[in-house]
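As a plain string of letters, each chain reads:
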Amino acid sequence: MKDLRSFLATHQNRFGNKGILFLRRITERANNNVNQIKGFKMPRSVTLPVIISTALVITACSGKNERPDKQQHTRNIESRYQEFIQRWDLDTDGLVTCKDTVKKNKALFTQLDLDKNLVVTRREFGEIMFHDKSYRFIPFEQIDNNADGVISEAEFANTPNHIFTRFDKDGNCNVSKQEFAIAAKEIASERRRSKGQGRRPGGKGGGRGKPQGTF
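So, here is what we can say about the structure in this document. All chains use their own residue numbering, which begins from 1 and follows the written sequence. Local features in this predicted model are restricted to residues of pLDDT 70 or higher, and side-chain atom pairs are both shown and tallied only at a pLDDT of 80 or more, whereas totals for entire chains, interfaces and linings draw on every residue. Side-chain figures throughout are based on the complete set of non-hydrogen atoms in the structure, without hydrogens or water.

**Here's the deal with the pattern of salt bridges**
Inference 1: Salt bridges are defined by distance alone: a side-chain nitrogen of Lys or Arg within 4 Å of a carboxyl oxygen of Asp or Glu. This structure, assessed with the given rule, holds six salt bridges.
Inference 2: With its nearest N and O atoms 2.5 Å apart, the salt bridge here joins E190 to R166. Taken together, the positions of E190 in helix α10 (residues 177–196) and R166 in helix α9 (residues 162–167) put the pair 24 residues apart, joining distant regions of the chain.
Inference 3: Using a relative accessible area of 22% as the deciding quantity, one classes E190 as partly exposed. Helix numbers and strand numbers start at the N terminus; a helix is a DSSP run of H or I with at least 4 residues, a strand a run of E with at least 2. Each residue is placed in one exposure class: buried if its accessible area under a 1.4 Å probe, protein chains only, is under 20% of its type's maximum, exposed if it is over 50%, and partly exposed if it falls in between.

Structural data, given as structure tokens:
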């Protein structure tokens, strides 16, 4: 017992509170059982290693369940943020800004302008889903600011991208890593709720579908 108490005092930080509590309980039970058998004495060389080994296993397992790997989470956010930059940083300045959305819109406008007459008609705009699904919630009239029945390059280029807007929390035209992490967490939460409410529209479950602002 003296050896065990000395070991506990020396290695308290290693085992943590749960490990120490377990060691004490199992030692007390072992002593009670031994006292019930007259003349029996378990060698310390056997008792101490067995108790310590068991406590190490229990402490390790409980630690995994109670403490999430924050470093892994940070690495995941960093990796996803870099992927986000690679996809959106069209001017290659290492940032995702409003300038990138303008470039993105201009490139999309060129794809939609099938007859190359520098305007996008309502029929041409109908093809936008095949190029960029992030515009599926933006009606033609919202982009056609002067209501002349066609969309000019200037009108299209200055159309706010709702995905970018969702990530740019402070509205300063620059998506920081912190803003990305917050938006990613919100989207993940919406996806979980969506899955819990059934399938996407068109399926038998009649769920709400994929949350807006995904990337």
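Read on for the rest.
**Examining unusual backbone geometry**
Inference 1: Even without being glycine, T92 reaches a positive phi, approximately 50°.
Inference 2: Mapped onto the elements, T92 comes out in the loop between α4 (70–88) and α5 (98–112).
Inference 3: Positive phi values are uncommon outside glycine, yet L118 reaches one of about 70°.
Inference 4: Secondary-structure assignment places L118 in the loop between α5 and β1 (119–120).
Inference 5: Taking relative accessible area as the criterion, L118 reaches 62% and is therefore assigned exposed.

**Topic: the packing of aromatic side chains**
Inference 1: Working definition: rings of Phe, Tyr and Trp (its six-membered ring) pair if their centres are within 6.5 Å, and the pair is stacked with planes under 30 degrees apart, edge-to-face with planes over 60 apart, and tilted otherwise. Under the defined criterion, the tally for this structure stands at eight aromatic pairs.
Inference 2: Judged by centre distance (5.2 Å) and plane angle (45°), the rings of F84 and F180 are tilted. Linking F84 in helix α4 with F180 in helix α10, this pair joins segments that are 96 residues apart in sequence.
Inference 3: Taking the relative accessible area as the measure of exposure, F84 reaches 1% and is therefore buried.

**A short note on the state of the cysteines**
Inference 1: To count as a disulfide, a pair of cysteine sulfur atoms needs to be within 2.5 Å. Inspection of every chain in the model, using the stated rule, returns one disulfide.
Inference 2: The partner cysteine of C98 in its disulfide is C173, sulfur to sulfur 1.9 Å. Because the sign of the S-S torsion sets the handedness, a value of about -80° for the bond joining C98 and C173 places this disulfide among the left-handed ones. One end of the pair, C98, is in helix α5; the other, C173, is in the loop between α9 and α10, and 75 residues separate them in sequence.
Inference 3: Take C98: its relative accessible area is 23%, and that puts it in the partly exposed class.
Inference 4: C173 gets classed as partly exposed once you look at its relative accessible area, which sits at 33%.

**Focus: the side chain of N161**
Inference 1: By the secondary structure assignment, N161 is in the loop between α8 (153–157) and α9.
Inference 2: Assessed through its relative accessible area of 3%, N161 is described here as buried.
Inference 3: Should any heavy atoms of two residues lie within 4.5 Å, those residues are counted as being in contact. With near-sequence residues (within four places) excluded, N161 lies in contact with W88, T101, K104, S134 and Y135.

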